[in-house]
Amino acid sequence: MNDQKTPRRRNRLATAVVAFVAVVVFAVAALAYASPYLVLDRLKRAADARNADIVNRYVDYPALRTSLKQQVTEMLARRIDAQKREHPFAALGALVDAYATPDGVAALLNGLPPRGEPGETPPLPGEQPAEDSGAAAPDQSQSKAPAPAQPPRATAGYDGIDQFVVTYRSDAQSRPYSVILRRDGWFSWKLFAVNLNQ
């Protein structure tokens, strides 16, 4: 009689072990899938709260600067062709450096990408930047990007196993832009690029 109970116990134990392993594998896979969403939420909350320590943990600033420089250079090159303006690249470094900061990251995550205007700086979270107008004082050297009337619509998804793209659009007529995160280890991600889609 003991011989009959031993195989049943082994079968139950084997079934329990397989079930436990399956639950662990599922939990790890779910965490790996959800990790960029969790990081994006932490990054946005930290940026809105102006918590530079947490923002710095989730942003690869050298890579972001390179991406911004490339995107803004292309934007300014198109303006040169359209407006035949002289020396538009003079403000490139300052604009890139202004957006490759915690405040710049907050602006990007709140639907306020750089427009490529000379002297442009990112608005602070919660601040309503002034619209450009002809009535502005001529000695104003800094212009701010306009705030969207409503929070931007965002779509997010994987672009490969190690890249996660969040695309923002203020309204149906506005051009979308994307913030790109790259995997940094198994469960962490860093913002490393922007695609302004200009």
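Everything discussed here concerns the structure shown above.
Quick notes on the rules
- Residues numbered from 1 in each chain as written.
- Predicted model: local features only at pLDDT ≥ 70, side-chain atom pairs only at ≥ 80, totals over all residues.
- Heavy atoms only, no water.
- Helix = DSSP H or I, 4+ residues; strand = E, 2+ residues; numbered from the N terminus.
- Buried < 20%, exposed > 50% of the residue type's maximum accessible area, 1.4 Å probe, protein only.
- Contact = heavy atoms within 4.5 Å.
- Areas by Shrake-Rupley, 256 points an atom, 1.4 Å probe, with all protein chains shown as cover.
- Polar contact = N/O pair within 3.5 Å; in protein donor to acceptor, adjacent residues only side chain to side chain.
- Phe/Tyr/Trp six-rings, centres within 6.5 Å; stacked < 30°, edge-to-face > 60°.
- Lys NZ or Arg CZ within 6 Å of the ring centre and 35° of its normal.
- Pairing = 2+ DSSP bridges.
- Axes fitted to C-alpha atoms, helices over the stretch in contact; angles between N-to-C directions.

**Student:** Whenever I open this one, the overall build of the protein chain confuses me. Can you help?
**Tutor:** Counting its regular elements, the protein chain contains 5 helices and 4 strands. When its helices and strands are written in sequence order, the protein chain yields α-α-α-α-α-β-β-β-β. Across the 198 residues in the protein chain, those meeting the buried criterion constitute 32%. Within the protein chain, contacts between residues separated by at least 24 positions form 49% of all contacts whose residues are at least 6 apart in sequence. Accessible area of the protein chain: about 12100 Å², with a carbon and sulfur share of 56%.

**Student:** Can you help me understand the side chain of Ser 35 in this one?
**Tutor:** Assignment of secondary structure puts Ser 35 in helix α1 (residues 2–48). With a relative accessible area of 2%, Ser 35 lands in the buried category. Reaching out from Ser 35, the side chain makes a polar contact with the backbone oxygen of Ala 32 at a distance of 2.9 Å. Residues in contact with Ser 35, not counting those within four places in the same chain, are Arg 183, Phe 187 and Trp 189.

**Student:** Any chance you could explain the packing of aromatic side chains here in plain terms?
**Tutor:** Geometrically, a pair of aromatic rings is defined through the distance of the ring centres and the angle of the planes. Here the structure, examined in full by the defined rule, presents 7 aromatic pairs. Relative to Phe 164, the ring of Tyr 37 has its centre 4.9 Å away and its plane inclined at 80 degrees; by these criteria the two rings are edge-to-face. Taken together, the positions of Tyr 37 in helix α1 and Phe 164 in strand β2 (residues 163–169) put the pair 127 residues apart, joining distant regions of the chain. On the basis of relative accessibility, which here comes to 0%, the residue Phe 164 falls in the buried class. Members of the aromatic cluster, joined through ring pairs, are Tyr 33, Tyr 37, Tyr 158, Phe 164 and Trp 189. Above the plane of the ring of Phe 192 lies Arg 182, whose end atom (NZ or CZ) is 4.1 Å from the centre.

**Student:** What is the right way to read the environment of Phe 192 from this model?
**Tutor:** Tracing the backbone shows Phe 192 in strand β4 (residues 189–195). What makes Phe 192 buried here is its relative accessible area of 14%. Along the sequence, Phe 192 and Val 179 sit 13 residues apart, while their C-alpha atoms lie 8.0 Å from each other. Other than its neighbours up to four places away in sequence, Phe 192 contacts Asp 60, Ala 63, Leu 64, Ser 67, Gln 163, Ile 180, Leu 181 and Arg 182.

**Student:** Where do I start with unusual backbone geometry in this structure?
**Tutor:** In terms of backbone geometry, most residues other than glycine have negative phi values and most peptide bonds are trans. Unlike most non-glycine residues, Arg 50 shows phi in positive territory, near 60 degrees. Structurally, Arg 50 is set in the loop between α1 and α2 (52–57).

**Student:** Would you mind showing me how to read the sheet that holds β2 here?
**Tutor:** Pairing within the open sheet is antiparallel, and its 4 strands lie in the order β1-β2-β3-β4. Strands with a single pairing partner mark the edges of an open sheet, and in this sheet they are β1 (153–158) and β4. Across this sheet, the average inter-strand angle for adjacent strands is 20 degrees, counted without regard to direction. Summarising the sheet, β1 and β2 pair through 6 bridges and their orientation is antiparallel. Residue pairing across strands places Ala 154 opposite Tyr 168, the latter belonging to β2. Most of the contacts of helix α5 (residues 102–109) go to strand β3 (residues 177–183), to which it runs at about 120 degrees, and overall it touches β2, β3 and β4.

This is a description of form; function is not addressed.
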